[in-house]
Structure formats: C-alpha cells, structure tokens
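Tertiary structure, described
This is what each chain is made of:
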Amino acid sequence: MNIGQALALRGESESYERQENSWLLEHFLNLSGLELKFRQAQELTVEQEQQYLIALARIAAGEPLAYVLGSQPFWTLDLKVTSDTLVPRPDTEILVETVLALDLPQAANVVDLGTGTGAIALSLASERPDWSVTATDIYAPTLAVAQENAVKHGLHQVKFACGVWYAALEPQKFDLIVSNPPYIDADDEHMAKLAAEPERALVAAKQGLADIEIIIQQGRDWLNPQGWIALEHGYDQAMVVQQIFQQAGFQQIRTVKDYGGNDRVTLAQYV
Ligand SMILES: C[S@@+](CC[C@H](N)C(=O)[O-])C[C@H]1O[C@@H](n2cnc3c(N)ncnc32)[C@H](O)[C@@H]1O
C-alpha cells in the first residue's frame, strides 16, 4: 500500500477523517504534512502498514486520536497523554489565558487541582517562571504522566501532590486556585461519546456540581487575601457556579466564554 492509497482508506477527500489519516501517517512515517502530500506514491513498510491499520481500528472503536498518537498539543506544549488522563481540550486554554491576565504577585503561589496531563499547571509555569506552581491529582498514574510532561518541557520547578482536592496539599495559602474539575452529570447524554476517557476525570455528583462546590467552599481557607479561584465548567453551569461563589462570600465574579461562544470559565476573588 502506498501513501495515497493509505490516505484514501477512510473518509471523503477534505473530510476530518482524511485529516486524521494524514496525522496518523505523518506520525508513523515520521514525515511532515507537506512531505506526505508530495510522496503519495511512496510505499509503506509492512510494519508501518500494520501500525496504521491498527490505529484506524482503534479510532473506529471510539478511541480519541490523542490516545492513538500518545500526545496532544495544548497551549505551546506537546503533552503526553495516556488512557489514565483526560485529553486536554482547546477550550481549557481559555482558562489559562484568563488567569494569565489577572493582576497577581510576581512570585504568586498557584495550584492546579486535578491536573491530568498537567495541561494547565505546565502552561502557567511555562509562561510565569517566577510563580510557584503545584499540580495535584487524585490518581497517582495520572500524576505520573503530568510529572513526565514537566520533565519533557524542562519545567522542573513545578511541584506535584497526590490526593483528594485540598487534602493533597501541605498547609499554605495561594494567590490563585485553578481547576478544570469533573463537571458532567453521570446521566448526561454526552457521556456516551466520552466513554474512552476516565470517568473519574469527567463525572461529578449533584448534576456535575459536587466537586466545583468543594473547590469553592473549601478554597476560602486556602487563599491569600485578594486571592482568586478560576474554574472551568459546563456550558450551562455558569449561573449556578456564580451563585456558589456568591454564597461563599466571593466578589468580582465573572464568566468567560469559550471559542464556541459558550460560558466556560467562572472566576472570583476572595476579598
Ligand atoms: C476534567 S479532568 C481535567 C484534567 C486537566 N486539568 C485538563 O484540563 O486537561 C479532571 C481531573 O481531576 C482529577 N480528579 C477527579 N476527582 C478528583 C479529586 N477528588 N481530587 C483531585 N483530583 C481529582 C481527575 O483524575 C482528572 O485528572
């Protein structure tokens, strides 16, 4: 099979499936997109053909492309992903962008609760080398992937802690608590499409709000005066997340939309 035939195995020309085929072939043949385009007659080796067909079968079985490739770009970083981690989503970059725009101390103390691949914590650490950044997760194998990503990008200053939300941490105060916690209701129809990713990364009790409540309500005890909490949440949860912040005594509450125009991030300051 040559590259042209391999590309044509799945999807219409110009379709997203064809683009995925192209990314897979670039990965297995170690070629750029441009090289792939101009080498359509090049034959795949037996091993490359096998790897490619197995990858197509995994995608057909519902695995995200990032699991098959083993990595996913996020912010300016290429992050290792495994089936122990959520695949970082482009919309989460809104959370990174939003907190980078806050007026925080030069050497701010920051924690990313439920770090997954380390996407948020490592992006912040890469942009603000003077910040003291801690990344936590409930699941040790997930945290190990985040640690690998820190090493891969030379972000050796980031600290890691395993445990349930704030229980993972040594006593201290933060200038910023940031999190993309699980926020989907177990019965949500979208869960069917997310079956390949760990349920612990996605689902929360109380219509998806249980973890958000914990992070906000307990967060007051972990913040410096004027400290912020910034959270990603579901497109339809902004109003209730704002209420939780309000009831917990936070001020400057506001919601930011994602690239698709949906409410996605709510943040507030504890004065
Ligand atoms: C939605 S994922 C977000 C991952 C990553 N921050 C990102 O944005 O791509 C939520 C993460 O929270 C972790 N998590 C779930 N419950 C937790 C808990 N009770 N305490 C700490 N981490 C938790 C999961 O293991 C998962 O990595």
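Notes on the structure in this doc start here. Numbering of residues starts from 1 in every chain and runs along the sequence as written. It should be noted that, the model being predicted, local features are given only for residues of pLDDT at least 70 and side-chain atom pairs only at 80 or more, the latter also being counted only at that level, while totals for whole chains, interfaces and linings use all residues.

Examining unusual backbone geometry
We count it as follows: Strands here are runs of E lasting at least two residues and helices are runs of H or I lasting at least four, both read from the DSSP assignment and numbered beginning at the N terminus. To assign burial, the other C-beta atoms lying within 10 Å of each residue's own C-beta are counted, with C-beta atoms placed from the backbone; 20 or more indicates buried, 12 or fewer indicates exposed, and intermediate counts indicate partly exposed.
With a phi angle near 75°, Glu-14 is a residue other than glycine that sits in the positive phi range. If you trace the backbone, Glu-14 turns up in the loop between α1 (3-7) and α2 (16-29). Judged by local crowding, Glu-14 falls into the exposed class, with 7 C-beta atoms found within 10 Å. Of note in this structure, Trp-165 is not a glycine but carries a positive phi near 35°. Structurally, Trp-165 is set in the loop between β5 (159-162) and β6 (174-179). With 20 C-beta atoms packed within 10 Å, Trp-165 lands in the buried category.

Observations concerning the nonpolar core
How we decide: To form a nonpolar core, buried Ala, Val, Leu, Ile, Met, Phe, Trp, Tyr and Cys residues must be joined through C-beta atoms within 7 Å.
If you look at the biggest cluster of nonpolar residues, it comprises 57 residues, and the most contacted ones within it are Val-110, Leu-124, Leu-176, Ile-177, Ile-229 and Ala-230. Of all the elements, helix α7 (residues 119-127) adds the most residues to this core, at six residues. Counting eight residues, the second largest nonpolar core, distinct from the first, contains Ile-3, Leu-24, Phe-28 and Tyr-52.

Quick look at the pairing of strand β8 (residues 251-257)
Both faces of the sheet carry side chains from a regular strand, because those side chains alternate between them. This is how it is decided: Strand pairing is assigned whenever DSSP identifies at least 2 bridges connecting the two strands.
Pairing between β8 and strand β9 (residues 263-270): five bridges, direction antiparallel. In the strand pairing of β9, Arg-254 is matched with Leu-267. Following β8, the chain reverses through five residues before pairing antiparallel with β9; Gly-261 in that reversal takes a positive phi of roughly 85°.

A look at the site of the ligand
We count it as follows: Residues are classed as near a molecule or strand if the C-beta position derived from their backbone is within 6 Å of it. Gly counts as polar in this scheme, as do all residues outside two lists: the nonpolar Ala, Val, Leu, Ile, Met, Phe, Trp, Tyr, Cys and Pro, and the charged Asp, Glu, Lys and Arg.
Inspection of the region around the ligand gives 22 residues, with Gly-114, Gly-116, Ile-138, Asn-180 and Ala-201 positioned closest. Elements represented by at least two residues in the shell around the ligand include exactly α7 and β4 (132-137). For the shell around the ligand, the residue count by class is twelve nonpolar, eight polar and two charged.

Side note on helix α4 (residues 46-60)
Heads up, the condition is: Expected span of a helix, by definition, is 1.5 Å for each gap between consecutive residues, and there is one gap fewer than residues.
Given a rise of 1.5 Å per residue, 15 residues ought to cover 21 Å, and the 21 Å separating the end C-alpha atoms of α4 matches this to within 8%. Trailing α4 by a residue or two, Gly-62 shows a phi angle of about 105°, which is positive.

Structural notes on the sheet that holds β5
Note the cut-off: In this analysis, axes come from line fits to C-alpha atoms, helices being fitted only over the stretch in contact, and the angle between any two N-to-C directions falls in the range 0 to 180 degrees. What counts as a contact here is a pair of residues whose C-beta atoms, placed from the backbone, lie within 7 Å.
Spatial strand order, β5-β4-β3-β6-β7-β9-β8: seven strands in an open sheet with mixed pairing. Across the chains shown, the open sheet's two edge strands, defined by having one partner strand only, are β5 and β8. Direction aside, neighbouring strands of the sheet carry axes that sit 15° apart on average. Docked against the sheet, helix α10 (residues 210-219) engages β3 (109-113), β6 and β7 (223-232), running at close to 175° with respect to β7.

Some words on the environment of Ala-146
With respect to the helices and strands, the residue Ala-146 is situated in helix α8 (residues 140-152). For the pair Ala-146 and Gly-116, spaced 30 residues apart in sequence, the C-alpha to C-alpha distance is 6.5 Å.

Regarding the pairing of β6
Burial runs high along β6: six of the six residues are buried. Relative to β7, β6 is paired through five bridges, and the arrangement is parallel. If you follow Leu-176 over to β7, its bridge partner there is Trp-228.

Quick word on the packing of α10 against helix α11 (residues 238-247)
Applied cut-off: Throughout this description, any angle smaller than 35 degrees is read as roughly parallel, any larger than 145 degrees as roughly antiparallel, any in the 65 to 115 degree range as roughly perpendicular, and the remainder as oblique. A clockwise turn of the near helix away from the far one marks a right-handed crossing, whereas an anticlockwise turn of less than a right angle marks a left-handed crossing.
Following both chains from N to C, one finds α10 and α11 inclined at 25°, their axes separated by 9 Å at the closest point. As judged from the angle between their axes, α10 and α11 are roughly parallel. Along this stretch, α10 crosses α11, giving a crossing that reads as right-handed. Between α10 and α11, the residues in contact are Ile-212, Glu-213 and Ile-216 and Val-241, Ile-244 and Phe-245, respectively. Split by residue class, the contact of α10 with α11 holds five nonpolar, no polar and one charged.

Side note on the packing of helix α6 (residues 92-100) against α7
Running from amino to carboxyl end, α6 crosses α7 at an angle of 40°, the nearest separation of the two axes being 10 Å. As α6 runs across α7, the sense of the crossing is right-handed. Between α6, through Thr-92, Leu-95, Val-96, Val-99 and Leu-100, and α7, the contact on the second element is made entirely by Ala-119, Ile-120, Ser-123, Leu-124 and Glu-127.

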